[in-house]
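Here is how the chains run, residue by residue.
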Amino acid sequence: MYKKNAWESYTKTDLKKLEAFAKDYRAFLDNGKTERECVTTAVSMAEKAGFRDLDQLIREGAKLKAGDKVYRNWMNKSFLAFVLGEEELDAGMNILGAHIDSPRIDVKQNPVYESDGICYLDTHYYGGIKKYQWVALPLALHGVVIRKDGTKLTVAIGEKADDPVFYISDLLIHLAQEQMGKKATEVVPGENLDLIIGHVPDKKAEKDKVKTAILDYLKKEYQMEEEDFISAELEIVPAGPTREVGFDRAMLAGYGHDDRVCAFPSIQAVLDVTGTPKYTVCAAITDKEEIGSVGATGWGAHYFENTVAELYALTKEYSELGLKRTLANSRMLSSDVSAGYDPNFASVFERKNAAFLGEGVCFNKYTGSRGKSGSNDANAEFMGAVRKIMDDAKVSWQTCELGRVDAGGGGTIAYLCAKYGMNVIDCGVPVLSMHAPWELISKADLYEAYKCYGAFLENAEPV
Ligand code: MN
Ligand code: MN
């Protein structure tokens, strides 16, 4: 099934399954505009499927055995799910990894100010964005505020039809002669990405009349003080739901396909494992990939191996050597979106080694930039094994590079997983307009990713 248009292979039954899966994915995407919201959804999906909370099991000193299903919610931003296999953990696991943080605009710690009758939130963007794409469109505000008394306010404003939205202004074309001549990186400076949040003044206030009115509103509506922004994580994202694209409705325009389009099928594939798998299977859904896998919830932290250590200790006597063997013997698909070939920008692609929308899940043996720098570069032996699994399971798949040599590049979490010595390869769904507010994917590639993940969990063996 290497390099074939997946749509041409579908029967009526396939198309029915594809549409059902795409519908579930749309719901996941619409309910998960932040990493926290994705984890909340993942936890409820896992609990519904009979997975138990690992932290609870640790407290109870429970013993785990083959067939047991557990999940871990790591700081509400990363998520792990496991089904224990017949083989001991030392034989390695079959792991699906993906990330749920997406490029966006974050609110600063001291953000509220007023200028000439308009109240703003000052911001700092997160991840690689073309700043000029994030102006003049409806924006929503999602996240949490931790008040001084420790209570948590959860916010999601701008998604319901009668919600207000927020807005970042752009310069009118009539006065943009100088702006239009600037380099795209300078058209909208990062410091100017400030969010408009209000406009009506408080008559009684002596100065900062609009700001005073907005702070009053926040206090009444959310019991929130200005200082509470200090302990808040508020993310500005495009407002509104994922939409079907095209007369044939074959594509989806959504916010955060990178990398929720890999995270959702990865979680679902582990939840859908029936009976006891031969090897322990795992979905590892992580945060902070877009800013270098840093922080306590990024893949650079040790929460994954610490969680596997906990799991190990609940199945048999803990040994550090055993843990090391478990990790080194594992097989992993590090799933992240790849650049879909875009005929409008053909010059940055090399057609023979590009991923095409509709040709299925794509494997990047390596990513990186300037001579594979920062790449994982999977072993040929592992690629060989994966290739056979995909063909045997009739998955539509392709191989690709992230654009032409020297055109740019990018990295994923694969090189961090490889530090344990495990076999890992980058794999994912091709996307058009990656990191734009609304990214585009083919439903076929989403469905093939789900098929790919199921086949990998069931059939991957030590290489
Ligand atoms: Mn990504
Ligand atoms: Mn990305």
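Parameters at a glance
- Residues numbered from 1 in each chain as written.
- Chains lettered and ligands numbered in written order.
- Predicted model: local features only at pLDDT ≥ 70, side-chain atom pairs only at ≥ 80, totals over all residues.
- Heavy atoms only, no water.
- Donors = N, O, S within 2.8 Å, 3.2 Å for Na, K, Ca; no water.
- Helix = DSSP H or I, 4+ residues; strand = E, 2+ residues; numbered from the N terminus.
- Buried < 20%, exposed > 50% of the residue type's maximum accessible area, 1.4 Å probe, protein only.
- Pairing = 2+ DSSP bridges.
- Axes fitted to C-alpha atoms, helices over the stretch in contact; angles between N-to-C directions.
- Contact = heavy atoms within 4.5 Å.
- Domains from an automatic or database assignment.
- Buried area = accessible area lost by both parts, 1.4 Å probe.
- Salt bridge = Lys/Arg side-chain N within 4 Å of Asp/Glu carboxyl O.
- Polar contact = N/O pair within 3.5 Å; in protein donor to acceptor, adjacent residues only side chain to side chain.
- Nonpolar A, V, L, I, M, F, W, Y, C, P; charged D, E, K, R; others polar.
- Parallel < 35°, antiparallel > 145°, perpendicular 65-115°, else oblique.
- Left-handed = near helix turned anticlockwise from the far one by under 90°.
- Core = buried A, V, L, I, M, F, W, Y, C linked by side-chain atoms within 4.5 Å.

Draft legend 1. Focus on the coordination of the manganese ion (ligand 2). Around the manganese ion (ligand 2), the protein supplies Asp 258 (OD), Glu 290 (OE), Glu 290 (OE) and His 435 (NE2) as donor atoms, at distances of 2.1 to 2.6 Å. For the manganese ion (ligand 2), all donor residues lie on one chain, and their spacing in sequence is D-x31-E-x144-H. The distance between the manganese ion (ligand 2) and the manganese ion (ligand 1) comes to 3.2 Å, and Asp 258 binds to both of them. In this pair, Asp 258 is assigned in helix H8 (residues 257–271) and His 435 in the loop between strand S21 (430–431) and strand S22 (439–442), connecting sequence segments 177 residues apart. Residue Asp 258 is classed as buried on the basis of its relative accessible area of 3%. Of the residues examined, His 435 reaches a relative accessible area of 16% and is grouped as buried.

Draft legend 2. Summary view of the sheet that holds strand S9 (residues 195–198). Taken in spatial order, the six strands of this open sheet run S8-S7-S10-S5-S6-S9, and their pairing is antiparallel. Edge positions in the open sheet fall to strand S8 (152–157) and S9, since each of these has one partner strand only. Shown here is a sheet whose adjacent strand axes are inclined to one another by a mean of 30°, direction ignored. Inspection of the sheet shows strand S5 (residues 104–115) paired to strand S10 (residues 232–238) by two bridges, in the antiparallel sense. Paired with Asp 106 across the bridge in S10 is Glu 235. Helix-sheet contacts for helix H3 (residues 35–48) involve S5, strand S7 (139–146), S8 and S10, and the interaxial angle to S8 is about 100°. In the packing of helix H7 (residues 209–222) onto the sheet, the strands contacted are S5, strand S6 (118–126), S8 and S9, and the crossing angle to S5 comes to about 125°.

Draft legend 3. Representation of the domain arrangement of the protein chain. As far as domains go, the protein chain holds domain 1 (6–102 + 255–459) and domain 2 (104–238). Centre-to-centre separation of domain 1 and domain 2, based on C-alpha positions: 33 Å. Counting each side, the surface lost to burial between domain 1 and domain 2 is near 1500 Å², with a carbon and sulfur contribution of 50%. In terms of surface lost to domain 2, no three residues of domain 1 exceed Lys 33, Arg 36 and Pro 437, which account for 33% of the buried area on that side. On inspection of domain 1 and its partner domain 2, the count reaches four salt bridges. A salt bridge links Arg 36 to Glu 233; its shortest N-O distance comes to 2.7 Å. Our count for the domain 1 to domain 2 interface comes out at nine residue pairs in polar contact (both at pLDDT 80 or more). Its residues assigned to classes, the side of domain 1 that touches domain 2 shows five nonpolar, four polar and 10 charged.

Draft legend 4. Spatial organisation of the coordination of the manganese ion (ligand 1). The manganese ion (ligand 1) binds to the protein through His 99 (NE2), Asp 258 (OD), Asp 336 (OD) and Asp 336 (OD); the donor distances cover 2.1 to 2.5 Å. Going along the chain, you hit the donors of the manganese ion (ligand 1) in the pattern H-x158-D-x77-D.

Draft legend 5. Representation of the pattern of salt bridges within the structure. Counting across every chain of the model gives 28 salt bridges. The partner of Glu 19 in a salt bridge is Lys 443, and the shortest N-O contact between them spans 2.8 Å. Here Lys 443 lies in helix H13 (residues 443–459) and Glu 19 lies in helix H2 (residues 12–31), a separation of 424 residues in the sequence. Linked through salt bridges whose partners overlap, the residues forming this network are Glu 19, Arg 26, Glu 244, Arg 249 and Lys 443.

Draft legend 6. Representation of the packing of H2 against H8 in the model. One way to put it is that H2 packs onto H8 with a least axis distance of 10 Å and a crossing angle of 120°. Here H8 runs oblique to H2, going by the angle between their axes. Classified by chirality, the crossing of H8 by H2 is right-handed. Taken together, the residues of H8 that come into contact with H2 (itself represented by Phe 21, Asp 24, Tyr 25, Phe 28 and Leu 29) are His 257, Arg 260, Val 261, Phe 264, Pro 265, Ile 267 and Gln 268.

Draft legend 7. A look at unusual backbone geometry. The omega torsion of the bond from Asp 258 to Asp 259 falls at 10°, within 30 degrees of zero and hence cis. Mapped onto the secondary structure, Asp 259 falls in helix H8. The backbone phi angle of Met 75 is positive, close to 55°, even though this residue is not glycine. Classification of Met 75 by relative accessible area gives partly exposed; the value is 45%. Despite not being glycine, Asp 377 has its phi angle at roughly 55°, a positive value.

Draft legend 8. How the structure looks around the nonpolar core. Among the nonpolar cores identified, the biggest contains 62 residues, and Phe 79, Val 270, Leu 333, Phe 363, Met 390, Cys 452 and Tyr 453 are the most heavily contacted of them. Excluding residues that lie within four positions of it along the chain, Leu 333 makes contacts with Ile 95, Leu 96, Gly 97, Phe 363, Ile 425, Cys 427, Cys 452, Tyr 453 and Phe 456. Ranked by size, the runner-up nonpolar core spans 35 residues in total, among them Ala 140, Val 145, Leu 195 and Leu 215.

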